[in-house]
Amino acid sequence: MPERPAYLRIAELLRDQIRDGRYAQGTRLPTMAELRTEHGVSEIVVRQAIALLRGEGLVETRRGGGTVVKVAPPVRRVAMDRYRTVTRPMAVPATTFTHDQRISWDEYRLDREFTRTRTDHDLAGLFEVPPGTEVLRRRFVFYARDEPQQISVNYLPWDVVGDTPVADPANEPWPGGTLAQLSFLGHPPTRVEESVGSRMPTPEEAETLRMSGGVPVLTITRRMLSGPRVLEVCRDIVIPADRVLLDYAIDL
C-alpha cells in the first residue's frame, strides 16, 4: 500500500486532537512554522492540511490570529410537536421559532420581503393547483438576539390572503406565525407536512446567516393543509446544519 500523503496524515492527527479535546473550541492550533518543524514537511503541505480542516468546518483562520478551532454554535432540538404550542392559548406572544430558540418576543425580529407572484410548475405541484396560480411570496430572515438563524420562503394563495392583514408586511412578526394567520382567515390548519434535505449553502445564504466555510444547510419543505386544501407551501426553510437537531416521534 502506498503511504498516505503527508497533508492527510497531519489533518487526521489534528482532527483527532480537536475531537478528543486537546485543542478546545476557540483555542489556537500550532503555527505553520511549528507544524512544519514537527512533521518535517513544507509549508505548502501544512497549508493543505489546514485547508482540509477548514473545509470540514472544524477550524477558521483569522487575520493576525492564526488558525483557531471553531466555536460550535448552540444546537437546538426541533420537534414536530412544536406546532401544537402555538395552537393553544398563549399567555405571551410566541411562534414556533421563539419556542425553538427559547427566546422572548423582545429578542425576536424578522427581515421580510413580500411579493405577489405566480406558481411555477414545481410550486403548483406542491399546492396541487394549475401552474400560474397567483400566490403571495414571503421571504423572511429570522433573528434570535440579533443573530440570524434561518431563512424561510413561503407562499400563500392570493385568493385567501390578498387584501387582508396577512398580506401586509407591517404586521410581522405575527404572534402564532403562519398557523395563527391562517386561523385568523378562517382556515385553521389541520395537517403539517415536512420533508428534509441537505446541501451546501449558496453564497447569499452563507453571508446572510453568517456561516463559516464547510458547513451545509438543512432545507425543510413544508406544506400546511386545512382540510383537503394546501394553504401554505414553504420552499424552503434553510437552517445551518450545525445549529439544529431535528427530532421526530411517531405514536404507534
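Sequence order as written defines the numbering, with residues in each chain counted from 1. Selection of residues for local features in this predicted model requires a pLDDT of at least 70, selection of side-chain atom pairs for listing and counting requires 80 or more, and totals for whole chains, interfaces and linings are taken over all residues. Values shown for side chains rest on all heavy atoms present in the structure; no hydrogens or waters enter the calculation.

1. Topic: the sheet that holds strand S7 (residues 191–199)
Working step 1: When DSSP finds two or more bridges between two strands, those strands count as paired. Only DSSP runs of H or I covering at least 4 residues are called helices, and only runs of E covering at least 2 are called strands; the numbering of each starts at the N terminus. Reading across from one edge, S4-S5-S6-S9-S8-S7 is the order of the six strands in this open sheet, with antiparallel pairing throughout. Edge strands, defined here as strands with exactly one partner in the open sheet, are strand S4 (108–118) and S7. Going from strand to strand, the sheet's axes swing by 15° on average, the running direction of each strand aside.
Working step 2: Alignment of S4 against strand S5 (residues 134–144), held across eleven bridges, turns out to be antiparallel. For Thr-115, the partnering residue across the bridge sits in S5 and is Arg-137.
Working step 3: Throughout, a contact is declared for two residues whenever any of their heavy atoms are within 4.5 Å. Angles run from 0 to 180 degrees between N-to-C directions of axes, and those axes are lines fitted to C-alpha atoms, restricted for helices to the stretch in contact. Most of the contacts of helix H8 (residues 177–184) go to strand S8 (residues 217–226), to which it runs at about 15°, and overall it touches S5, strand S6 (147–157), S8 and strand S9 (229–240).

2. Looking at the nonpolar core
Working step 1: Within the largest apolar cluster, 22 residues are counted, with the highest numbers of intra-cluster contacts made by Phe-97, Tyr-108, Leu-136, Phe-142 and Val-161.
Working step 2: Secondary-structure elements contributing two or more residues to this core are S4, S5, helix H7 (158–161) and H8.
Working step 3: Residue contributions to this core peak at four residues, all from S5.
Working step 4: The contact partners of Tyr-108, leaving out residues within four places of it in the chain, are Thr-95, Phe-97, Thr-98, Ile-103, Phe-142, Tyr-143 and Pro-173. For the purposes of this section, nonpolar cores are sets of buried Ala, Val, Leu, Ile, Met, Phe, Trp, Tyr and Cys residues that join through side-chain atoms within 4.5 Å. The buried label applies to any residue whose accessible area, calculated with a 1.4 Å probe on protein chains only, is under 20% of its type's maximum; exposed applies above 50%, and partly exposed to all values in between.

3. Side note on the packing of aromatic side chains
The relation between two aromatic rings is expressed through the spacing of the ring centres and the mutual angle of the planes.
Working step 1: Ring pairs are drawn from Phe, Tyr and Trp, using the six-membered ring of Trp, whenever the two centres fall within 6.5 Å, and their geometry is named by plane angle: stacked under 30 degrees, edge-to-face over 60, tilted for the rest. The tally for this structure, following the rule as stated, stands at seven aromatic pairs.
Working step 2: For the pair Phe-97 and Phe-142, a centre-to-centre distance of 5.1 Å together with 45° between the ring planes defines the contact as tilted. Of the two residues, Phe-97 is situated in helix H5 (residues 96–101) and Phe-142 in strand S5; the sequence distance between them amounts to 45 residues.
Working step 3: Considering the side-chain rings of Tyr-108 and Phe-142, the 6.5 Å spacing of their centres and the 20° angle between planes classify their relative orientation as stacked. Taken together, the residues Tyr-108 in strand S4 and Phe-142 in strand S5 connect sequence positions 34 residues apart. For the pair formed by Tyr-108 and Phe-142, the shared burial category is buried.
Working step 4: Ring pairs connect the aromatic residues Phe-97, Trp-105, Tyr-108, Phe-114, Phe-140 and Phe-142, which therefore count as one cluster.
Working step 5: The ring of Tyr-143 has Arg-109 sitting right over it, with the charged end atom 3.7 Å from the ring centre. In this scheme, the term charge over a ring applies when either NZ of a lysine or CZ of an arginine sits within 6 Å of the ring centre and within 35 degrees of the ring normal.

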